[in-house]
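Summary of the model geometry
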Amino acid sequence: MGKVAIIMGSTSDLPVMQEAVDILRSFGIETEVDIVSAHRTPEKLYDFSKNAHKRGISVIIAGAGGAAHLPGMVASMSPLPVIGVPVKSRNSIDGWDSVLSILQMPGGVPVATVALDGAKNAGILAAQILGSSDHSILEKIEAYKESLKEKVIKGAQEVKNH
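Read on for a plain summary of the structure. The residue count restarts for each chain, going from 1 along the sequence in the order it is written. Whole-chain, interface and lining totals are the exception, using all residues; otherwise, since this is a predicted model, local features are given only for residues with pLDDT of at least 70 and side-chain atom pairs are given and counted only at 80 or more. By convention in this description, side-chain values take in all heavy atoms of the structure and omit both hydrogens and water.

**Some remarks on the nonpolar core**
Worth spelling out the cut-off: Joining through side-chain atoms within 4.5 Å is the link that ties buried Ala, Val, Leu, Ile, Met, Phe, Trp, Tyr and Cys residues into a set, and such a set is a nonpolar core. Here the term buried applies to any residue with accessible area under 20% of the maximum for its type, exposed to any over 50%, and partly exposed to those in between, with areas from a 1.4 Å probe on protein chains only. Every residue pair with non-hydrogen atoms within 4.5 Å of one another is taken to be in contact.
Counting 26 residues, the largest nonpolar core has V4, I6, M17, I61 and V85 as the members making the most contacts within it. Those residues within four positions of M17 in sequence are excluded, and the remaining contacts are I6, I7, M8, I61, A62, G63, V85, V87 and A119. Judged by nonpolar contacts, the second largest core, of 21 residues, contains V36, A38, A64 and A75.

What follows is the structure in structure tokens.
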């Protein structure tokens, strides 16, 4: 089973990024969480990006606010799939700067990008990537999606009976 690395630019991103950790752990997927700043710790960024796959990491989720260079810089150096989470931080301009910084990558350097503060979806996407080659994870994803459907059906019944 693969492991997912969840990195972020600063501790202020943790409340958002914790949702990725939580959903992955609910699927029984091992996670590694760290702070890697593209601008303040470039040597750590380089080492992390170049070596994550050698340490058993299969997917990287990178959250960043403001200029949000972390996901793209990791993707430029790592052979692993990178999922970017734009974080609406105090230095963001309504979060759009972060969204566009992660979304608008040049050809050859893809970053899968989720919604602003969408770390839960990043975790689900990472699990789906792992599930494409691990049947036990795939079954957990199927059960999770079924639970979403059941929740909507139950809510619809409650509305009708109200």
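**With respect to the sheet that holds strand β1 (residues 3-8)**
Put simply, the rule reads: Any two strands with at least two DSSP bridges between them are considered paired. Put simply, DSSP H or I for four residues or longer makes a helix, DSSP E for two residues or longer makes a strand, and each gets a number counted from the N terminus. Axis definition: a line fit to C-alpha positions, over the contact stretch in the case of helices; interaxial angles, taken between N-to-C directions, run 0 to 180 degrees.
Read from one edge of the open sheet, 5 strands run β2-β1-β3-β4-β5, paired in parallel fashion. Of all strands in the sheet, those with a lone pairing partner are β2 (31-35) and β5 (112-113), marking the two edges. Note that β1 and strand β3 (residues 57-65) share 6 bridges and pair parallel. The residue of β3 that forms the bridge with A5 is I60. Each of β1, β2, β3 and β4 (82-87) touches helix α1 (residues 14-26); the most contacted strand, β1, lies at about 175 degrees to it. Helix-sheet contacts for helix α4 (residues 96-103) involve β3, β4 and β5, and the interaxial angle to β4 is about 165 degrees.

**Observations concerning the packing of aromatic side chains**
Threshold: Put simply, two rings from Phe, Tyr or Trp (the six-membered ring, in Trp's case) pair if the centres are within 6.5 Å, and we call them stacked under 30 degrees between planes, edge-to-face over 60, tilted for the rest.
Under the criterion given, the structure shown has 1 aromatic pair. Between F27 and Y144 the ring centres are 5.6 Å apart and the planes differ by 90 degrees, which places this aromatic pair in the edge-to-face class. With a gap of 117 residues between them, F27 in the loop between α1 and β2 and Y144 in helix α6 (residues 135-160) connect regions that are remote in the sequence. By the burial criterion, F27 is buried, and Y144 matches it.

**Thoughts on helix α5 (residues 119-131)**
Here is the rule we go by: Multiplying one less than the number of residues by 1.5 Å gives the expected span of a helix.
For α5, with 13 residues, the first-to-last C-alpha span of 18 Å sits near the 18 Å given by 1.5 Å per residue. Burial in α5 covers these residues: A119, A122, G123, I124, A126, A127, L130 and G131. Tucked inside the fold, the buried residues of α5 contact β1, α1, β3, β4 and α6.

**What to know about the layout of surface pockets**
Applicable threshold: Buriedness for pockets is judged along seven lines, at least five of which must meet protein on both sides within 12 Å for an open set on the 1 Å grid over protein atoms alone, while cavities are sets there where a 1.4 Å probe fits but cannot get out, and lining residues have an atom within 4 Å of a point. Grid points are joined across faces, edges and corners, and a volume is the space filled by probe spheres set on the points.
Computed from the structure, the largest pocket encloses a volume of approximately 310 Å³. What lines the largest pocket is a set of 18 residues, and nearest its centre among them are G9, S10, R40, G65 and N91.

**Considering the side chain of S37**
Tracing the backbone through its elements, the reader meets S37 in the loop between β2 and α2 (42-51). For S37, a relative accessible area of 7% translates into the label buried. Look past the residues within four positions of S37 in its chain and what remains in contact with it is G9, P42 and L45.

**Comments concerning the pairing of β3**
Our working definition: Classification remark: right-handed applies to a crossover when, strands pointing away from the viewer, the course from the first strand over the helix to the second runs clockwise.
For β3, the buried fraction is high: 8 of the 9 residues fall into the buried class. The sheet contact formed by β3 and β4 spans 6 bridges and is parallel. The partner of A62 across the bridge, within β4, is G84. As a crossover connection, the stretch from β3 through helix α3 (residues 70-77) into β4 is right-handed.

**Let's talk about the environment of I57**
Inspection of the secondary structure assignment puts I57 in strand β3. For the pair I57 and K3, spaced 54 residues apart in sequence, the C-alpha to C-alpha distance is 4.8 Å. Contacts of I57, omitting those with residues within four sequence positions, involve K3, V4, A5, E32, A52 and L80.

**As for the pattern of salt bridges**
This is how it is decided: Here a salt bridge means any side-chain nitrogen of Lys or Arg lying within 4 Å of a carboxyl oxygen belonging to Asp or Glu.
Applying the stated rule across the entire model yields 5 salt bridges. The shortest N-O distance in the salt bridge between E32 and K3 comes to 3.9 Å. You can see E32 sitting in strand β2 and its partner K3 sitting in strand β1, a full 29 residues away along the chain.

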